[in-house]
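The chain contents come next:
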Amino acid sequence: MSKVTQIDHPLVLHKLALIRDKNTGSKDFRELVEEVAMLMAYEVTRNLQIEDVEIETPIAKTTCKMLSGKKVAIIPILRAGLGMVGGILKLIPAAKVGHIGLYRDESTLKPVEYFCKLPQDIGEREVIVTDPMLATGGSAIDAITMLKRKGAKNIRLMCLITAREGVEAVIKAHPDVDVYTAAIDEKLNENGYIVPGLGDAGDRLYGTK
Ligand code: PRP
Ligand code: URA
């Protein structure tokens, strides 16, 4: 059964308010998305496995904890998911990065696939799928289905802003996937945009509108 975690750390909420603000330009928007992704990654990786290791400090021998389990793969859904990757890599520099290209057809709101390149050992990794926006959930559902077809097993989804109906659709389609979000917004508008949301994440990141 999926677990949905809403990350409500004050720093995340503060930065998210700035991200939502329509007066925030692309440069600040990009930096803030990366920073929030880094802060969220702290919570998203909370249950990674650790093991005891013997360490010798300059003073004495001691037993410490280090990561021991599966390695991590970060999989951004292009384009906007890419904006979160740098922040996570700051915490987990050894993670591999795969890419899934999907865009929402503006009239049908259905995701259209155009790219998929994943680490070869994806089945052996803890997979973090990134996308700032989860609206209808169609893009995330299809991306996760693609990942599973390529052998991924341990998948978590990390978004900045979600719509409740999108979260429900994802956990219904993929009950084995945990979802992490900084906000669950009230609804979608007639164009499929999250209300209040932040507008079009890809366009705001890359200045394409
Ligand atoms: C946005 C967003 C998600 C998707 C969410 O991408 O980054 O991938 O829409 O909508 P959904 O939950 O209804 O599928 P978009 O299609 O605008 O592509 P872009 O990132 O290339 O701008
Ligand atoms: N994609 C976006 O970028 N924003 C939304 O509100 C919905 C989908």
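Reading guide: rules and limits
Residues numbered from 1 in each chain as written. Chains lettered and ligands numbered in written order. Predicted model: local features only at pLDDT ≥ 70, side-chain atom pairs only at ≥ 80, totals over all residues. Heavy atoms only, no water. Helix = DSSP H or I, 4+ residues; strand = E, 2+ residues; numbered from the N terminus. Buried < 20%, exposed > 50% of the residue type's maximum accessible area, 1.4 Å probe, protein only. Contact = heavy atoms within 4.5 Å. Areas by Shrake-Rupley, 256 points an atom, 1.4 Å probe, with all protein chains shown as cover. Lys, Arg positive; Asp, Glu negative; His and termini not counted. Charge placed at Lys NZ, Arg CZ, Asp CG, Glu CD. Near = heavy atom within 4 Å. Polar contact = N/O pair within 3.5 Å; in protein donor to acceptor, adjacent residues only side chain to side chain. 1 Å grid on protein atoms, 1.4 Å probe; cavity = no way out; pocket = protein on both sides within 12 Å on 5 of 7 lines; lining within 4 Å. Sits in = over half its atoms within 2 Å of the grid points. Nonpolar A, V, L, I, M, F, W, Y, C, P; charged D, E, K, R; others polar. UniProt positions renumbered as here; feature names shortened; annotations may be inferred. Core = buried A, V, L, I, M, F, W, Y, C linked by side-chain atoms within 4.5 Å.

Section: the overall build of the protein chain
Step number 1: When its secondary structure is counted, the protein chain shows six helices and 13 strands.
Step number 2: For the protein chain, the spread of C-alpha atoms along the three principal axes comes to 65 × 40 × 30 Å.
Step number 3: Out of the 209 residues belonging to the protein chain, those deemed buried represent 46%.
Step number 4: Within the protein chain, contacts between residues separated by at least 24 positions form 65% of all contacts whose residues are at least 6 apart in sequence.
Step number 5: A total of about 11200 Å² of accessible surface is found on the protein chain, and carbon and sulfur atoms cover 53% of it.
Step number 6: Side-chain charges of the protein chain comprise 28 positive and 28 negative groups, with the mean position of each set lying 3 Å from the other.

Quick word on the site of ligand 2
Step number 1: As a structural note, the neighbourhood of ligand 2 is formed by Arg104, Met133, Ala135, Gly192, Tyr193, Ile194, Gly199, Asp200 and Ala201.
Step number 2: Isoleucine 194 places a polar main-chain atom, nitrogen or oxygen, 2.8 Å from an oxygen atom of ligand 2.
Step number 3: Interatomic distance of 2.8 Å between a backbone N/O atom of glycine 199 and a nitrogen atom of ligand 2.
Step number 4: Surface burial for ligand 2 is 89%, taken as the share of its 230 Å² of free accessible area covered by protein chains.
Step number 5: When atoms are counted within 2 Å of each cavity's grid points, the one that captures over half of ligand 2 is the largest pocket.
Step number 6: For the shell around ligand 2, a count of residues per class yields five nonpolar, two polar and two charged.

Considering the UniProt feature "binding site: 5-phospho-alpha-D-ribose 1-diphosphate" (unreviewed entry) in the protein chain
Step number 1: Mapped onto this numbering, the UniProt entry annotates "binding site: 5-phospho-alpha-D-ribose 1-diphosphate" (unreviewed entry) at Arg79, Arg104, Asp131, Pro132, Met133, Leu134, Ala135, Thr136, Gly137, Gly138, Ser139 and Asp200. The annotated residues that sit in the lining of the largest pocket are Arg79, Arg104, Asp131, Met133, Leu134, Ala135, Thr136, Gly137, Gly138, Ser139 and Asp200.
Step number 2: Judged by relative accessible area, arginine 104 falls into the partly exposed class, the value being 23%.
Step number 3: Arginine 104 has contacts with Leu109, Lys110, Pro111, Ala135, Thr136, Ser139, Asn191, Gly192 and Tyr193, leaving out every residue within four places of it along the chain.
Step number 4: Topologically, aspartate 131 is positioned in the loop between strand 8 (126-130) and strand 9 (133-134).
Step number 5: When residues no more than four places from it in sequence are discounted, the contact partners of aspartate 131 are Ile77, Ala80, Gly81, Met84, Met158, Cys159 and Leu160.

Focus on the nonpolar core
Step number 1: Within the largest apolar cluster, 36 residues are counted, with the highest numbers of intra-cluster contacts made by Ile19, Met158, Leu160 and Ile161.
Step number 2: Among the elements of the structure, helix 1 (10-20), helix 2 (26-44), strand 4 (72-78), helix 3 (85-91), strand 10 (154-163), strand 11 (178-185) and helix 6 (201-206) are those that each provide at least two residues to this core.
Step number 3: The biggest single contributor to this core is helix 2, with eight residues.
Step number 4: For leucine 160, the residues in contact, after removing those within four places along its chain, are Leu16, Ile19, Val33, Val36, Met40, Met84, Asp131, Pro132, Thr181, Ala182 and Ala183.
Step number 5: Judged by nonpolar contacts, the second largest core, of 24 residues, contains Ile77, Ala140, Ala143 and Ile144.

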